[in-house]
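# Summary of structural features
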Amino acid sequence: MPGLGQYLNSDYIAASNALNGKKSRRKIVAFVESYDDVFFWRSILSQLETPERYFQVMLPARGRKLERGKKAVLMSAFKDSVGPDMIACVDADYDYLKQGSNEMSRQVCQNPYVFHTYAYAIENLQCWAPALREVCVMSTLVDSTDILDFEDFLARFSETIYPLFVWNILCSRNATYGDFGIVDFIKTIQTGIVVRRFVDDTIKRVGEKVQRKLHQIEAVASTKAKEAYKELLEELPRLGVLPQETYLYIQGHSLFSDMIVPMLRKVCERLIEEREQEIRFQSKHQTQEENEITCYEHSLEGISSMLKKNTLYLRSSQVQRIIKDINSSLK
């Protein structure tokens with residue numbers, strides 16, 4: 001397609017669609033941030049394809065230069081190039097929760113052709129708690145209920161960090177309320193590797209760190225900041241942010257790589273060990289044991305890969321909001 005990125009806009013795509021004839025399916029181009037985002041957004045947009053329209057998901061480009069990142073995607077929005085035939089699909093980051101307090105946040109929250117994750121990033125939705133048991137099954141081919149209760153743990157973890165999370169959002173919206181950035185927040189809530197028998201200890205340890213940091217922040221916070229904090233506590237549920245789902249709104253890479261992957265890897269290592277012990281017990285001779293274990297090991301998949309490939313997040317309330325937004329804007 002000539003001039004991809006430099007001249008491409010919704011009107012261009014609409015004109016191209018018109019040349020294909022009235023009976024042809026209408027193509028809608030969806031620009032995304034990175035390679036990993038292609039599959040994620042494709043899994044959502046494919047739910048919205050009809051005999052009349054289909055989506056083509058791609059990375060933005062300027063001339064012959066391929067570009068990545070949120071700013072590259074939103075360049076189309078800043079230039080009013082998005083529309084019914086060309087949309088932008090991005091991570092919300094904190095821009096959704098900032099609710100228009102800066103230009104990028106205004107594009108994310110107010111442009112009807114910019115769609116966002118309603119979670120910090122795609123990684124957060126890939127780590128959607130109700131999907132994690134299934135991800136373990138996908139990785140190990142072992143279905144067991146005798147593992148860590150992921151939904152319970154992430155709900156308790158989320159409720160524990162929520163009061164501090166609210167301060168982080170408040171300071172992100174307005175720096176005059178305090179200097180508590182995302183790096184400090186993530187450092188405070190780090191869990192280490194979560195193991196089932198130590199879940200209570202993990203929650204307690206994180207809670208103690210959160211309370212210490214809360215005391216530090218509140219000790220120097222102004223009366224105005226404390227009042228704004230109370231108002232934000234009332235506002236966030238209206239935005240769909242619930243205390244038991246805070247993990248969906250913290251930095252996605254940190255959640256995915258530093259918490260969920262190590263936690264699932266620990267669970268999966270135990271499941272694999274148990275399956276191999278079962279094979280050894282049931283095998284009639286050494287050759288059968290070696291063949292079965294080799295066959296099993298060749299069927300295994302990595303946790304990171306399975307998290308990225310799972311699509312159970314399609315059932316989440318966040319994705320349902322995305323689908324509702326897209327249907328409303330692209331009638």
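This structure is a prediction, so every number in the text was calculated from the model and none was measured.

Another point: the overall build of the protein. Looking only at helices and strands, the protein has 15 helices and 6 strands in total. Seen through its C-alpha atoms, the protein measures out along the principal axes to roughly 70 × 60 × 30 Å. A burial count over the protein gives 49% of its 331 residues as buried. Counted over contacts in the protein with a minimum sequence separation of 6, partners at least 24 positions apart contribute 77%. For the protein, the exposed surface amounts to about 16700 Å²; the carbon and sulfur share of it is 49%. A gap of 5 Å separates the mean positions of the 43 positive and 44 negative side-chain charges of the protein.

Turning next to helix α7 (residues 132–140). Along α7, the positions that sit buried rather than exposed are L132, V135, C136, S139 and T140. Burial along α7 is one-sided: seen end-on, the buried residues are contained in an arc of 115°. Tucked into the core, α7 has its buried residues touching α8 (150–173), α12 (252–282), α13 (286–298) and α14 (303–309).

As a further point, take the pattern of salt bridges. Note that side chains of opposite charge can pair when their charged atoms are close. According to the stated counting rule, one finds 14 salt bridges in the structure shown. A salt bridge links K70 to D93; its shortest N-O distance comes to 3.0 Å. You can see K70 sitting in helix α3 (residues 70–78) and its partner D93 sitting in the loop between β5 (86–90) and α4 (95–98), a full 23 residues away along the chain. For K70, a relative accessible area of 8% puts it in the buried group. When its relative accessible area of 21% is taken as the criterion, D93 is described as partly exposed. Each of K70, D93 and D95 takes part in one network of salt bridges that share partners.

Another point: the confidence of the model for the protein. When the pLDDT values of the protein are averaged, the result is 91; 93% of them are 70 or greater. Within the protein, the element-level pLDDT minimum falls on strand β4 (residues 65–66), averaging 60, and the maximum on helix α6 (residues 122–126), averaging 98. Overall, residues 1–6 carries pLDDT values under 50, and its contacts beyond four positions in sequence, including any with other chains, amount to 15 contacts.

Take the sheet that holds strand β2 (residues 53–58) next. Ordered by their spatial adjacency, 4 strands build an open sheet running β2-β1-β5-β6, and the pairing between neighbours is parallel. Each end of this open sheet is capped by a strand with a single partner; those strands are β2 and β6 (114–116). Mean inter-strand twist for the sheet, computed between neighbouring axes without regard to direction, equals 30°. Packed on one face of the sheet, helix α2 (residues 35–45) meets β1 (26–31), β2, β5 and β6 and runs near 170° to β2. With respect to the sheet, helix α15 (residues 317–329) is in contact with β2 and β6, its orientation differing from that of β6 by roughly 170°.

The rules behind the values
- Residues numbered from 1 in each chain as written.
- Predicted model: local features only at pLDDT ≥ 70, side-chain atom pairs only at ≥ 80, totals over all residues.
- Heavy atoms only, no water.
- Helix = DSSP H or I, 4+ residues; strand = E, 2+ residues; numbered from the N terminus.
- Buried < 20%, exposed > 50% of the residue type's maximum accessible area, 1.4 Å probe, protein only.
- Contact = heavy atoms within 4.5 Å.
- Areas by Shrake-Rupley, 256 points an atom, 1.4 Å probe, with all protein chains shown as cover.
- Lys, Arg positive; Asp, Glu negative; His and termini not counted.
- Charge placed at Lys NZ, Arg CZ, Asp CG, Glu CD.
- Arc of directions from axis to C-beta.
- Salt bridge = Lys/Arg side-chain N within 4 Å of Asp/Glu carboxyl O.
- pLDDT = per-residue confidence, 0-100.
- Pairing = 2+ DSSP bridges.
- Axes fitted to C-alpha atoms, helices over the stretch in contact; angles between N-to-C directions.

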